[in-house]
Amino acid sequence: MEKTYNLDRVSVRLVKERPLISSIPLNNPTAAIEVMGEHLAQMDREVLMLLNLDTKLKPINCSIVSIGAINETVAHPREIFKAAFLSNASYMMLMHNHPSGDITPSKIDSKLTDRMIKLCDQMGIPLVDHIIVGADGKEFFSFNEKQMMDRARVNYIADYNQIKFSVAVAEGKKR
């Protein structure tokens, strides 16, 4: 008896429309605050938002990645990248609010930013900034402005024999 397998096909299409947020390039934190600051300041819990940007740093769209508690929110990179890939983003910007009004980054904020810088550079969609918005929607903390987003030069190894894996790679076994 022959087995039949079904494999669903999916497709993603880019539909060009006018920017949903603003046609102003978000090339500095002040511009981002002008566009999104008031909106994030209205939230009573921490909300992490992704702004997908085109090649001229104009917003394509925004995506709410995570809604958390009064003092924290959790996000995994796969949820952040999902909207960026589907939007055909050239750059990404993260923004989230601190309802307490204290714009000092937490350890989790710093860890997420560090992780996303590395992953974004690997994926070819650079993270241009991570901005924390205060309770008034005007006060902010910019990781980029504080020069905390240094990117290490990535050197790729051309010879697979020289690759040093950080985890053990399973050996192929004959059956």
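Here the structure is a predicted model, which is why all the values come from computation and not from measurement.

**What about the overall build of the chain?**
Thinking step 1. Across its full length, the chain carries three helices and five strands.
Thinking step 2. The N-to-C order of helical and strand elements in the chain reads α-β-β-α-β-α-β-β.
Thinking step 3. Among the 175 residues that make up the chain, the fraction classed as buried is 34%.
Thinking step 4. For the chain, the proportion of contacts with a sequence separation of at least 24, taken over those separated by at least 6, is 68%.
Thinking step 5. Surface summary for the chain: the accessible area is close to 12,500 Å², and the carbon and sulfur share equals 51%.

**Observations concerning the side chain of H98**
Thinking step 1. Tracing the backbone shows H98 in the loop between strand 3 (91–97) and helix 3 (107–123).
Thinking step 2. At a separation of 3.1 Å, a polar atom in the side chain of H98 contacts the side chain of H96.
Thinking step 3. Here D102 takes part through its backbone oxygen, which lies 2.7 Å from a polar atom of the side chain of H98.
Thinking step 4. H98 has contacts with E46, I103, T104, P105, D109, I132, V133, G134 and A135, leaving out every residue within four places of it along the chain.

**Thoughts on the pairing of strand 3**
Thinking step 1. Counting buried positions along strand 3 yields six of seven residues, so the element is predominantly enclosed.
Thinking step 2. Across six bridges, strand 1 (residues 47–53) lies against strand 3 in antiparallel orientation. Bridge pairing in strand 3 links L50 to L94.
Thinking step 3. Sheet analysis places strand 3 next to strand 4 (residues 127–133), joined by six bridges and oriented parallel. From the neighbouring strand, L94 faces strand 4, where its bridge partner is H130.

**Structural notes on a nonpolar patch on the surface**
Thinking step 1. Residues I157, Y160, I163 and F165 make up a contiguous nonpolar surface patch of roughly 470 Å² in combined accessible area.
Thinking step 2. Inspection of the secondary structure assignment puts I163 in the segment after strand 5 (140–142).

**Focus on the pattern of salt bridges**
Thinking step 1. One pass over the structure, following the stated rule, counts three salt bridges.
Thinking step 2. For R78, the salt bridge goes to E79, with nearest N and O atoms at 3.2 Å.
Thinking step 3. With a relative accessible area of 54%, R78 lands in the exposed category.
Thinking step 4. The salt bridge involving D114 is made with K118; its shortest N-O contact spans 3.0 Å. Here D114 and its partner K118 are both found in helix 3, four residues apart, which amounts to about one turn of the helix.
Thinking step 5. According to the relative accessible area criterion, D114 is partly exposed, its value standing at 38%.

**Considerations on unusual backbone geometry**
Thinking step 1. Backbone geometry at L57 places phi at a positive 65 degrees, although glycine is not the residue there.
Thinking step 2. Along the polypeptide, L57 turns up in the loop between strand 1 and strand 2 (59–67).
Thinking step 3. At N88, a position not held by glycine, the phi torsion is positive, near 60 degrees.
Thinking step 4. Under the relative-accessibility criterion, N88 is labelled exposed at 52%.

The rules behind each value
- Residues numbered from 1 in each chain as written.
- Predicted model: local features only at pLDDT ≥ 70, side-chain atom pairs only at ≥ 80, totals over all residues.
- Heavy atoms only, no water.
- Helix = DSSP H or I, 4+ residues; strand = E, 2+ residues; numbered from the N terminus.
- Buried < 20%, exposed > 50% of the residue type's maximum accessible area, 1.4 Å probe, protein only.
- Contact = heavy atoms within 4.5 Å.
- Areas by Shrake-Rupley, 256 points an atom, 1.4 Å probe, with all protein chains shown as cover.
- Polar contact = N/O pair within 3.5 Å; in protein donor to acceptor, adjacent residues only side chain to side chain.
- Pairing = 2+ DSSP bridges.
- Patch = residues over 30% accessible without salt bridge, like charges linked within 9 Å, V, L, I, M, F, W, Y side chains within 5 Å.
- Salt bridge = Lys/Arg side-chain N within 4 Å of Asp/Glu carboxyl O.

All quantities given are derived from atomic positions and should not be read as evidence of function.
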